[in-house]
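Structural description and commentary
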Amino acid sequence: MLGGMNPSIGIVTLNAKFIHSSLSLRYLRNAARRAGFENVWIQEFIINQPVWKIAAEILKQEPDILGISVYIWNRRQSLELLEHLQKQNPNLKIVLGGPEVSFEPELPEGYTLIAGEGEGKWVEYLNITTKGETPSPDVLKRWNTYGNDLPDLHPPYIEEDYPTLKNRYAYIETSRGCPYLCSFCLSALDKKVRYFDDSDIRRQIESLIEHGTRKVKFVDRTFNLKPERMMNLMQWLTQFEGTEFHFEVVGDLLNDNMMHFLETVPQGMFQFEIGIQTTTEEVQDTIHRKQSNTKLFKTIATLIRQDRVHLHCDLIFGLPGETLDELLESFTEVLKLKPHELQLGFLKFLPGAPIRDQIESHEYRYLSFPPYEFLSHKDLPAEAVRFLKQFAEVFDLFYNTQRFQFTLDHLFRSTPPVEVFKQLMAALEKENRVLNALSLDHQYRIFAETFPLDSDPLAWDLLQLDYLYHQRSFRLPEFMRARLASNGSSSPRTWDGDRKSMVVPFRHTLEWQGSSPKLTPSPAPVYYAVAHPDTASGYISRPRIERVEA
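To start, this report covers the structure provided alongside it. (Residues numbered from 1 in each chain as written. Predicted model: local features only at pLDDT ≥ 70, side-chain atom pairs only at ≥ 80, totals over all residues. Heavy atoms only, no water.)

Helix and strand counts for the protein stand at 17 helices and 19 strands. Its C-alpha atoms put the protein at 90 × 55 × 50 Å along the principal axes. Relative to its full complement of 550 residues, the protein shows a buried share of 53%. Considering only contacts within the protein whose residues lie at least 6 apart along the sequence, 71% involve residues at least 24 apart. As presented, the protein carries roughly 25,700 Å² of accessible surface, and 48% of it is formed by carbon and sulfur atoms. Measuring between centres, the 61 positive side-chain charges of the protein sit 3 Å from its 73 negative side-chain charges. (Helix = DSSP H or I, 4+ residues; strand = E, 2+ residues; numbered from the N terminus. Buried < 20%, exposed > 50% of the residue type's maximum accessible area, 1.4 Å probe, protein only. Contact = heavy atoms within 4.5 Å. Areas by Shrake-Rupley, 256 points an atom, 1.4 Å probe, with all protein chains shown as cover. Lys, Arg positive; Asp, Glu negative; His and termini not counted. Charge placed at Lys NZ, Arg CZ, Asp CG, Glu CD.)

One open sheet holds the 5 strands; their spatial order is β2-β1-β3-β4-β5, and the pairing between them is parallel. Both outer strands of the open sheet, β2 (40-46) and β5 (112-114), are each paired with one neighbouring strand and no more. On average, adjacent strands in this sheet sit at an angle of 25° to one another, irrespective of strand direction. Strand direction decides the pairing type here: strand β1 (residues 9-15) and β2, joined by 7 bridges, are parallel. Paired with Val12 across the bridge in β2 is Gln43. (Pairing = 2+ DSSP bridges. Axes fitted to C-alpha atoms, helices over the stretch in contact; angles between N-to-C directions.)

This part is about the sheet that holds strand β10 (residues 244-249). Taken together, the 6 strands give an open sheet; going across it, the order is β6-β9-β10-β11-β12-β13, and neighbouring strands pair in parallel fashion. Each end of this open sheet is capped by a strand with a single partner; those strands are β6 (169-172) and β13 (341-346). Averaged over neighbouring strand pairs, the angle between their axes works out to 20° when direction is ignored. Inspection of the sheet shows strand β11 (residues 270-277) paired to strand β12 (residues 310-317) by 6 bridges, in the parallel sense. Of the residues in β12, the one forming a bridge with Gln277 is Leu315. Its contacts with the sheet put helix α10 (residues 293-306) on β11 and β12, and the angle it makes with β11 is roughly 150°. The strands touched by helix α12 (residues 382-400) are β12 and β13; relative to β13, the strand with the most contacts, the crossing angle is about 160°.

As a packed pair, helix α1 (residues 23-34) and helix α4 (residues 119-129) sit with axes 9 Å apart at the nearest point and diverge in direction by 50°. It follows that α1 is oblique to α4 by the angle criterion. Crossing of α1 over α4 shows right-handed handedness. Judged by residue contacts, Tyr27, Leu28, Ala31 and Ala32 of α1 engage Glu119, Trp122, Val123 and Leu126 from α4. (Parallel < 35°, antiparallel > 145°, perpendicular 65-115°, else oblique. Left-handed = near helix turned anticlockwise from the far one by under 90°.)

It is worth spelling out the pattern of salt bridges at this point. A full pass over the atoms with the stated rule returns 28 salt bridges. Across the pair Arg142 and Asp149 runs a salt bridge, and its minimum N-O distance is 2.9 Å. Among the ionic contacts, a cluster of salt bridges with common partners joins Arg26, Arg29, Arg33, Glu44, Glu160, Asp161 and Arg168. (Salt bridge = Lys/Arg side-chain N within 4 Å of Asp/Glu carboxyl O.)

This brings us to the packing of aromatic side chains. Inspection of every chain in the model, using the stated rule, returns 38 aromatic pairs. Ring centres of Phe218 and Phe247 lie 4.8 Å apart, and the angle between their planes is 20°; on these two criteria the pair is classed as stacked. Linking Phe218 in strand β9 (residues 215-218) with Phe247 in strand β10, this pair joins segments that are 29 residues apart in sequence. Take Phe247: its relative accessible area is 0%, and that puts it in the buried class. Look at Phe506 and Tyr528: their rings are 5.7 Å apart centre to centre, the planes differ by 80°, and that puts the pair in the edge-to-face class. Here Phe506 is found in strand β17 (residues 502-513), whereas its partner Tyr528 is found in strand β18 (residues 516-531), with 22 residues between them in sequence. Side by side, Phe506 and Tyr528 carry an identical accessibility label, which is buried. The ring of Tyr27 carries Arg176 above its face, with NZ or CZ at 4.6 Å from the centroid. When the ring centre of Tyr195 is taken as origin, the NZ or CZ atom of Lys226, which lies over that ring, is 4.1 Å away. (Phe/Tyr/Trp six-rings, centres within 6.5 Å; stacked < 30°, edge-to-face > 60°. Lys NZ or Arg CZ within 6 Å of the ring centre and 35° of its normal.)

Written out as structure tokens, the structure is:
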């Protein structure tokens, strides 16, 4: 028998960042312990740690059996780790699992592969291997098949986990599977949606928060399939002040009752991620995505107007049949809704995803290694894709950071958004800044000079407000201070309320309409301090605006 009566069984993965954590390790550990294996342990590493050090840490535990969970972000390091371990301990039994190996036939030899949901297959492997037996070819083939042997659902966290998750993201799922068939997504292969026990979920969340977890991400593919269930859970979550909760939802399934309920939730406690992907209806049909654009856009507009839930939307560039003009039209339509964040992603040909069936017909070229990102197709040449990659970077810098929110809103009233970001792209090219990081002050200077804003008093005041409002800063950039001095402003002074926030003159009075400022011209300078709280929590956190007498 392997390892005697109590073999050492390890399960490891490499996370992208320290603040991330792995659900899969905990599910597999718990399944093994429920099956009677006592010496089962997990270890989490991060991808920027040297692989030889990771191997050394694992081998210190003297494992008899080791499971490695492989994902798109850690594939290269995981296969390098596999080679280290195999050559340093040839007797170690190694199992690979995870989406990044579940569909890949050409991998190194000398390990066992488990595809899809792994708890049941993992226990079966342990039962066979610890008896000194070898799985039959039929069993190996079944383990290497996605979507079968679906396990019963049990909660992931146990007492030993909670202290390790303080100040990290804790992931949790209340369901598995997705009813939708979007061809670019692996969830299209999950035909059946199954639910975890609600009382188990609530006990887990309570324990996480009691031990200092402040960011909880629900990883259900469609959290709002059962609206009543969603509302009950969210209402229960509102008791945990200071904790952030993230959900992936289908926007056009948010019904009237849910929208009325969302008006009552604490501001900034919840974030919704809503995948729009494309607004081109022909492309939606091609990728088998069912979506009512009219209803979806109405829902997003209402959420923004309510100003309670932080909204993260997604578009995918490179879907089959979508031209550059259609992509940018989708982008413009969505941006008009003013989501807090708009992620511009690029189509990935994930192993096993149904979209791979369209590679030949649409003449796709894509990377053969992670992240398997597309490079061109017959309706979108490589040159256009290179433009879109730079466009997305500039958009992230100037929109998704929210540092220029008020000034961008002003510019969009007279200039199409695509043109605004094209001008910023050209400005960065001119300064040879495409490959180099920009300091915060340099970002604002480039922005001010690109349009230019110094000839527009309203735009300049909005830029000042953006700078003071969207980051904790107690001074203006040098180029802004120089402009104040040239206009005869006296030496900077601080607000008496906290003795550190800068008092700044504006040419307009400031009022607020919801989350947006309304500026009215003033015949004389008006002085304001923008004061940030010492600590901020939640997805929406805003400073105080204090008018100060001259």
